[in-house]
Amino acid sequence: MYLAPESLAETTAASAVAVRLEVAILLPDDSLNPTRYVLAEPDGSLRLVHVDEVETDDGPVRRHMRPCTGDDPACAAGPEEEAA
């Protein structure tokens with residue numbers, strides 16, 4: 001768990017942590033779409049992805065990650081696309 005400095009975007013901070021730890025980090029995006037996340041990859045790149053979430057006794061499990069291409073029905077336009 002980390003707290004991004006106020007002067008730094010959360011995705012930028014997550015990207016830096018992903019690079020430093022050499023792991024992928026999944027964080028929620030700013031859309032209202034509950035299946036869409038931002039993936040910060042170990043190479044520093046950021047991309048939108050969709051995941052399926054299943055509730056278990058141990059909490060939510062996220063799996064079946066796939067790129068957000070706009071072709072998937074889960075890729076409904078978020079507030080930032082609707083404003084354009």
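Draft legend 1. Up close: the pattern of salt bridges. Under the counting rule described, the total for this entry stands at 4 salt bridges. Among the ionic pairs, Arg-66 bridges to Asp-52, the shortest N-O distance being 3.3 Å. Residue Arg-66 is located in strand β4 (residues 59-67), and its partner Asp-52 is located in strand β3 (residues 46-56); the two are separated by 14 residues in the primary sequence. Taking the relative accessible area as the measure of exposure, Arg-66 reaches 17% and is therefore buried. The partner of Arg-62 in a salt bridge is Glu-53, and the shortest N-O contact between them spans 3.0 Å. Look at Glu-53 and you get partly exposed, because its relative accessible area is 42%.

Draft legend 2. Geometry of the sheet that holds β3. Pairing within the open sheet is antiparallel, and its 4 strands lie in the order β1-β2-β3-β4. Only two strands of the sheet have a single neighbouring strand rather than two, namely β1 (25-28) and β4. Strand-to-strand twist of the sheet, defined as the mean angle between neighbouring strand axes without regard to direction, takes the value 45 degrees.

Draft legend 3. Structural context of the environment of Thr-12. Among the structural elements, Thr-12 can be located in helix α1 (residues 10-21). Linking Thr-12 and Leu-46, residues 34 residues apart in sequence, is a C-alpha distance of 8.7 Å.

Here is what the cut-offs are and how they apply
- Residues numbered from 1 in each chain as written.
- Predicted model: local features only at pLDDT ≥ 70, side-chain atom pairs only at ≥ 80, totals over all residues.
- Heavy atoms only, no water.
- Salt bridge = Lys/Arg side-chain N within 4 Å of Asp/Glu carboxyl O.
- Helix = DSSP H or I, 4+ residues; strand = E, 2+ residues; numbered from the N terminus.
- Buried < 20%, exposed > 50% of the residue type's maximum accessible area, 1.4 Å probe, protein only.
- Pairing = 2+ DSSP bridges.
- Axes fitted to C-alpha atoms, helices over the stretch in contact; angles between N-to-C directions.

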